[in-house]
Amino acid sequence: MNMITNHMPTEELRALDGAHHMHPFTHNNDLSEKGARIISRARGMTLTDTDGNDYLDAMAGLWCVNIGYGRTEPADAAARQMRELPYYNTFFQTSHVPAIALSAKLAELAPENMNHVFYANSGSEANDTNIRMVRTYWAEKGHPEKKIIISRKNAYHGSSMGSASLGGMSFMHDQGGMPIPDIHHIDQPDWYLEGGDMSPEEFGLERARQLEKAIHDLGENRVAAFIAEPIQGAGGVIIPPSTYWPEIQRICDAHDILLIADEVICGFGRTGEWFGSETLGIRPDIMTIAKGLSSGYAPIGGSMVSDEIAAVIDNCEFAHGYTYSGHPVSCAVALENLRILQEEGLVDRTRNTSGPLLAKAWHALGDHPLVGDTSLVGLMGSIALTPHKESRAKFASKEGAVGLICREFCFKNGLVMRHVGNRMVISPPLVITPEEITAFTDRARLALDLTHKHLVDEGMMKAA
Ligand code: PXG
């Protein structure tokens, strides 16, 4: 137990939180009744709440704290930068040292043809930039009618009007009048839930060819770009069949459609390479970046842009930008984060050591009676819960009810693991140690055992 005393008692904090703080993606009345878990400090992979309880954070916050919690170097970099130059903008023909240094560093790390970056403060904002950028690109090239962006159902690209429109979460579209015009969604490559009797390879091709059909139906002259996460994160860590991405790449190339890889989760080492596009063999024209860019130590996002697109955009005045585009403090923190990732070899370690070690422990959970499938690339993975392994059956209960039960057992046993429907997903910090891999997968197994017992006791091990 690690009691922290320099704050109000938890109950008072909870009352104030309930009275004044509106939480994202939360039914706030339900939360007020229950009271939020209030996290007060964190080190490495361990979170501590205001009652002194510790949790292993297998989600790295929201898929972002790649270098782990409690590093002092980014804090020092932020303090130094705030003293030197807390703010200046990058509009109107000015620049500053942190934005210049970070841009050069990103150009060095990104795939060869990607040497340009347009900054935002989040992944959502960066994807809004992308919508305007690809449409402006085609307009500047004399094709103003090339506007449609094709995305996928169950994709997550952010929460602003533009980025949530790109996203394929219909429950989000239902709130606030989305999607905006000229966004089109095709089906996702989720073989486990949607593949039926097809082999994964057949299914991967079938889903990729939906893109070609959509381009054909909508008109090649009207389609600007296709956007996708190399591996869907918030949708449930859905690793596409091996046939999927090569076919998508072929289709984009054949039809002159720009490819936007949303690297907000996959970027900065998560998959064992600097970018998920490298792991999956994709050649994007634009990459959305955020999260692991600063490991969450400061808000920053952006669009990495190919030389070809930059040449066109740079030839006009792109009337777009945010007050805090390239904020000096965020840039200084991101630069320090990239230094840590690089000098400590955390990307290589993910690929060569911790990824394979976690894979062993993670796939071993596949023998559990509740687990229909385990998947993992680098340090992002999922397990699909099922009442019947062989048929990949869904539960008869409300979608996500079982995942929620399992998540609660995780919390009670000192583990943060998120659920997406009835999949449990993980994305631990890249600094995870072998001992932490053992501890957290042991806790995951315990949570599965407790969930299984609960479902049996409640008569919930029933297929739909
Ligand atoms: N693209 C992807 C692929 C993301 O995962 C965004 C864009 C938006 O980034 P910002 O910085 O605007 O949030 C994301 C964010 C979850 C969860 O519960 C996932 C995200 C955000 C919040 C919650 O899985 N992903």
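Analysis parameters
Residues numbered from 1 in each chain as written. Predicted model: local features only at pLDDT ≥ 70, side-chain atom pairs only at ≥ 80, totals over all residues. Heavy atoms only, no water. Buried < 20%, exposed > 50% of the residue type's maximum accessible area, 1.4 Å probe, protein only. Helix = DSSP H or I, 4+ residues; strand = E, 2+ residues; numbered from the N terminus. Pairing = 2+ DSSP bridges. Core = buried A, V, L, I, M, F, W, Y, C linked by side-chain atoms within 4.5 Å. Domains from an automatic or database assignment. Contact = heavy atoms within 4.5 Å. Buried area = accessible area lost by both parts, 1.4 Å probe. Salt bridge = Lys/Arg side-chain N within 4 Å of Asp/Glu carboxyl O. Polar contact = N/O pair within 3.5 Å; in protein donor to acceptor, adjacent residues only side chain to side chain. Disulfide = S-S within 2.5 Å. 1 Å grid on protein atoms, 1.4 Å probe; cavity = no way out; pocket = protein on both sides within 12 Å on 5 of 7 lines; lining within 4 Å. Points joined across faces, edges and corners; volume = space filled by probe spheres on them. Nonpolar A, V, L, I, M, F, W, Y, C, P; charged D, E, K, R; others polar. Axes fitted to C-alpha atoms, helices over the stretch in contact; angles between N-to-C directions. Right-handed = clockwise from strand over helix to strand, strands pointing away.

Q: Whenever I open this one, the pairing of strand E11 (residues 371–377) confuses me. Can you help?
A: Each regular strand displays side chains that alternate between the two surfaces of the sheet. Counted residue by residue, E11 has 5 buried out of 7 residues, so it is predominantly covered. Sheet topology note: the E11/strand E12 (residues 380–385) ladder contains 6 bridges and is antiparallel. If you follow Asp373 over to E12, its bridge partner there is Ala384. Here E11 folds back onto E12 in antiparallel fashion, the turn holding 2 residues, of which Gly378 has a positive phi close to 60°.

Q: It is not clear to me how the nonpolar core should be interpreted in this structure. Could you clarify?
A: Among the nonpolar cores identified, the biggest contains 55 residues, and Leu102, Leu106, Phe268, Leu293, Leu338, Trp362 and Phe440 are the most heavily contacted of them. Ranked by residue count, the leading element in this core is helix H17 (residues 434–457), at 6 residues. Both of domain 1 (44–67 + 345–457) and domain 2 (73–343) provide at least three residues apiece to this core. Trp362 has contacts with Thr374, Ser375, Leu376, Gly381, Ser382, Ile383, Met417, Met424, Ile426, Phe440 and Thr441, leaving out every residue within four places of it along the chain.

Q: Can you walk me through the domain arrangement of the protein in this structure?
A: Where the parts come together, the accessible area they lose is often given as the size of the interface. Here the domain parsing of the protein yields domain 1 (44–67 + 345–457) and domain 2 (73–343). Each of domain 1 and domain 2 has a C-alpha centre, and these two points are 26 Å apart. At the junction of the two partners, domain 1 supplies 34 residues and domain 2 supplies 37 residues. Counting each side, the surface lost to burial between domain 1 and domain 2 is near 2,800 Å², with a carbon and sulfur contribution of 61%. In terms of surface lost to domain 2, no three residues of domain 1 exceed Ile67, Met380 and Arg392, which account for 27% of the buried area on that side. Inspection of the domain 1/domain 2 interface yields 2 salt bridges. For Arg351, the salt bridge identified is with Glu273, shortest N-O distance 3.6 Å. One can count 18 residue pairs in polar contact (both at pLDDT 80 or more) joining domain 1 with domain 2. Of all the secondary structure elements, the ones that give two or more residues to the side of domain 1 that touches domain 2 are helix H3 (60–63), helix H15 (346–364), E11, E12, strand E14 (418–420) and strand E15 (423–426).

Q: I keep staring at the state of the cysteines and nothing clicks. Help me out?
A: Here a disulfide denotes a covalent bond joining the sulfur atom of one cysteine to the sulfur atom of another. Tallying each qualifying case throughout the model produces 0 disulfides. Cys266 forms no disulfide, and the closest cysteine sulfur to it belongs to Cys64, at a distance of 14 Å.

Q: Would you mind going over the layout of surface pockets with me for this structure?
A: Vacant regions in the atomic arrangement are exposed by a probe of water-molecule size rolled over the atoms. Reported here for the second largest pocket is a volume of approximately 870 Å³. Every residue lining the second largest pocket is counted, 27 residues in all, and those nearest its centre are Thr90, Val117, Phe118, Asp314 and His320. Looking at the lining of the second largest pocket, the elements that each hand over two or more residues are helix H5 (97–109), strand E4 (114–120) and helix H13 (307–313). If one sorts the elements of the lining of the second largest pocket by residue count, E4 sits on top with 5 residues. Residue classes in the lining of the second largest pocket are distributed as 14 nonpolar, 11 polar and 2 charged.

Q: Explanation requested: the sheet that holds strand E7 (residues 223–228) in the structure shown.
A: Backbone hydrogen bonds hold the strands of a sheet together, and the pairing may be parallel or antiparallel. Reading across from one edge, E4-E10-E9-E8-E7-E5-E6 is the order of the 7 strands in this open sheet, with mixed pairing throughout. Where the open sheet ends on each side, the last strands, each with one partner, are E4 and strand E6 (183–186). Within this sheet the neighbouring strands show an average axis-to-axis angle of 25°, counted without direction. Each of strand E5 (148–152), E6 and E7 is contacted by helix H10 (residues 200–218), which is oriented at about 145° to E6, the strand it contacts most. Relative to the sheet, helix H11 (residues 244–255) contacts E5, E7 and strand E8 (258–262), its axis offset from that of E7 by approximately 165°.

Q: So what exactly am I meant to see when it comes to the pattern of salt bridges here?
A: If charged atoms from side chains of opposite charge come close, those side chains can pair. Applying the stated rule across the entire model yields 21 salt bridges. Note that Lys105 and Glu108 form a salt bridge whose closest N and O atoms lie 3.1 Å from each other. Of this pair, Lys105 and Glu108 both sit in helix H5, 3 residues apart, which is roughly one turn of that helix. You can call Lys105 buried: its relative accessible area is 18%. Two residues, Lys453 and Asp457, come together in a salt bridge whose shortest N-O distance is 2.8 Å. Highlighted residues: Lys453 and Asp457, both in helix H17, separated by 4 residues, approximately one helical turn. Accessibility classification places Lys453 together with Asp457 in one group, the exposed group.

Q: Explanation requested: the pairing of E8 in the structure shown.
A: Burial runs high along E8: 5 of the 5 residues are buried. In E8, alternate side chains face the same way, and those of Leu258, Ile260 and Asp262 on one face and Leu259 and Ala261 on the other are all buried. Taken together, the 4 bridges between E7 and E8 define a ladder with parallel strand orientation. From the neighbouring strand, Ala225 faces E8, where its bridge partner is Leu258. Crossover connection from E7 via H11 to parallel E8: handedness right-handed. By the bridge criterion, 3 bridges tie E8 to strand E9 (residues 286–289) in an arrangement that is parallel. Across the sheet, residue Ile260 finds its bridge partner in E9, namely Ile286.

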